[in-house]
Structures are given as structure tokens and as C-alpha cells.
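Residue-level structural notes
Given next are the chains, with one letter for each unit.
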Amino acid sequence: MDIRLGDVLTMKKAHPCGSKQWLVLRVGMDFRLRCCGCGHEVMLPRAKAEKNIRAVERKDQDAD
């Protein structure tokens, strides 16, 4: 799955604050994500994060 810095991920389950949107801060074996609702930051293993992604929104829509 092609996830880049600055992408906004829509997850299957909502964060306790009610938001399903997460901003990608770090990509690698782990993802560092910031909740777009409350600003809480978490580190998730790539496999667990990719399993729970419903949609990926990119700021720049141009393909490389």
C-alpha cells in the first residue's frame, strides 16, 4: 500500500474522540499518526495500520 507523509487516512473504527481521520507523520515499519479530531499521536505497526485503513486522501493528487 502506498502511504506517504501528509496523507490523511480514514480508518474503519473511530478514535474515542469520534474522528476517523488520521494524518500521517512518519512512514516506515511503523506509522506515526495524529488524530485530526483531538491531536492525539500514536505509533502503529504497518501491518495493523494497513489492515484498518478504509480510504487514503492525498493533498497532491499528481502521480509520480
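I will try to describe carefully the structure that is included in this document. (Residues numbered from 1 in each chain as written. Predicted model: local features only at pLDDT ≥ 70, side-chain atom pairs only at ≥ 80, totals over all residues. Heavy atoms only, no water.)

A closer look at the pairing of strand 1 (residues 8-11)
Definition in use: Classification of residues uses two cut-offs on accessible area relative to the type maximum, computed with a 1.4 Å probe and protein chains only: under 20% is buried, over 50% is exposed, and between them is partly exposed. Under the DSSP-based scheme used, a helix requires at least four consecutive residues in state H or I and a strand at least two consecutive residues in state E, with every element numbered from the N terminus. Only when DSSP finds a minimum of two bridges between them are two strands counted as paired.
Covered by surrounding structure in strand 1 are Val8 and Thr10 together with Leu9 and Met11, the residues of both alternating faces. Both strand 1 and strand 2 (residues 21-26) contribute to a ladder of 3 bridges, which runs antiparallel. Looking at strand 2, one finds that Leu9 is bridged to Trp22. Both strand 1 and strand 5 (residues 53-57) contribute to a ladder of 4 bridges, which runs antiparallel. Residue Met11 lies in a different strand from strand 5, and its bridge partner there is Ile53.

Notes on the side chain of His15
Formally: Throughout, a residue-residue contact means that at least one pair of heavy atoms, one from each residue, lies within 4.5 Å.
Within the secondary structure, His15 sits in the loop between strand 1 and strand 2. Look at His15 and you get buried, because its relative accessible area is 17%. Beyond its immediate chain neighbours, meaning those up to four positions away, His15 contacts Trp22, Cys35, Cys38 and His40.

Here's the deal with the layout of surface pockets
Definition in use: Residues are called lining when one of their atoms sits within 4 Å of a cavity or pocket point, these points coming from a 1 Å grid over the protein atoms alone, where a cavity is a set in which a 1.4 Å probe fits but cannot get out and a pocket is an open set with protein on both sides within 12 Å along at least five of seven lines. Grid points are joined across faces, edges and corners, and a volume is the space filled by probe spheres set on the points.
In this model, the largest pocket occupies a volume close to 220 Å³. If you trace the largest pocket, you find it lined by Met11, Lys13, Ala14, His15, Trp22, Leu33, Val42, Leu44, Lys48, Ala49 and Asn52. At the level of elements, strand 4 (41-45) and helix 1 (46-51) are the ones that each hand at least two residues to the lining of the largest pocket.

Notes on the pattern of salt bridges
The condition that has to hold: Put simply, a salt bridge is a Lys or Arg side-chain nitrogen that is within 4 Å of an Asp or Glu carboxyl oxygen.
Summed over all chains, the structure comprises 6 salt bridges. With a closest N to O distance of 3.2 Å, Asp2 and Arg4 form a salt bridge. Judged by its relative accessible area of 44%, Asp2 is partly exposed. A relative accessible area of 26% means that Arg4 is categorised as partly exposed. Across the pair Asp7 and Arg58 runs a salt bridge, and its minimum N-O distance is 3.1 Å. With Asp7 in the segment before strand 1 and Arg58 in the segment after strand 5, this pair connects stretches of sequence that are 51 residues apart.

The values reported here are purely geometric and, on their own, carry no functional implication.
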